[in-house]
Amino acid sequence: MMMVAALRIERRRPWSQRQLLLLAGFGMCGGLAWWQLQTSPPELPIPPRARLPDHVVTHFSGVETDASGQPNRRFAAAELRHFAAENLSELEQPRLELLQPNGVTWTAQSATGLVFADGDQVRLVDEVRVERHGTAQVRSAQLTTTQLDVWRERSLAVATVPVRIESEGDTLTANGMQLWYGAPSRTVFQGRTRIQFAPEIPPAPPFAKGGNFAPTEIPVNPPFSKEPNQEHGAALP
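None of these values were measured; they are calculated from a predicted model. (Residues numbered from 1 in each chain as written. Predicted model: local features only at pLDDT ≥ 70, side-chain atom pairs only at ≥ 80, totals over all residues. Heavy atoms only, no water.)

Asker: Help me get a handle on the pairing of strand β13 (residues 186–190), residues and values and all.
Answerer: Of the pairings in the sheet, the one linking strand β12 (residues 176–180) to β13 comprises 5 bridges and is antiparallel in character. Bridge pairing in β13 places Leu 179 opposite Thr 187. What sits between the antiparallel neighbours β12 and β13 is a turn of 5 residues. (Pairing = 2+ DSSP bridges. Helix = DSSP H or I, 4+ residues; strand = E, 2+ residues; numbered from the N terminus.)

Asker: Just give me the short version of the pairing of strand β3 (residues 88–92), but keep the residues and values in it.
Answerer: Counted residue by residue, β3 has 4 buried out of 5 residues, so it is predominantly covered. Examined bridge by bridge, strand β2 (residues 71–83) and β3 share 5 bridges and lie antiparallel to one another. Directly across from Phe 83, in β3, lies its bridge partner Leu 88. Pairing of β3 with strand β6 (residues 112–116) involves 5 bridges; the strand directions are antiparallel. Of the residues in β6, the one forming a bridge with Leu 91 is Gly 113. (Buried < 20%, exposed > 50% of the residue type's maximum accessible area, 1.4 Å probe, protein only.)

Structure, rendered in structure tokens:
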């Protein structure tokens, strides 16, 4: 017995006008989106946030004291700008006054400066001038350079750039310097160090009997020691 399977063929209904309109709308939307991506200008980078200080103090001044309550450092600036995130302060026209127990006073000033961390390190930048005020036992001296780092706790000043020191006509130049300004003060100079002594003016000799000059001894008092140290430098008096 043979069984014949009849295949039933159904015809799909044609799309309605509504479906055709929806398909055309989707195609137009896709084409429009592609066209906008191709023709839109590139996104501009977001500009970085301006670097602004957290605090600004004008005509700043302060005094630090030692364990006994005596002032040992005075600090002033025309303007101080503090950046908390960087733990840094910028200075305009800073001025340091370092007071020593032996009565010697050092003053340092510059065009600009920086204060790092908790204030232990102060960097003086541009037109740096340091002066040691003389006393009856210590001669005055003036130092000029372009950058100087001062550490409070160690009573240390370091210059990694050329320095020039003048003291009562005597002159010293070096490529760098380490100065311990506490008592007793000492200095180490780096690189080639040159010292120029001012000529001594001998005192007028007293008149001897008969109108002749009596012989006198000319004292020598150089401002820098003539014996070079291990760093090819010299020590301040």
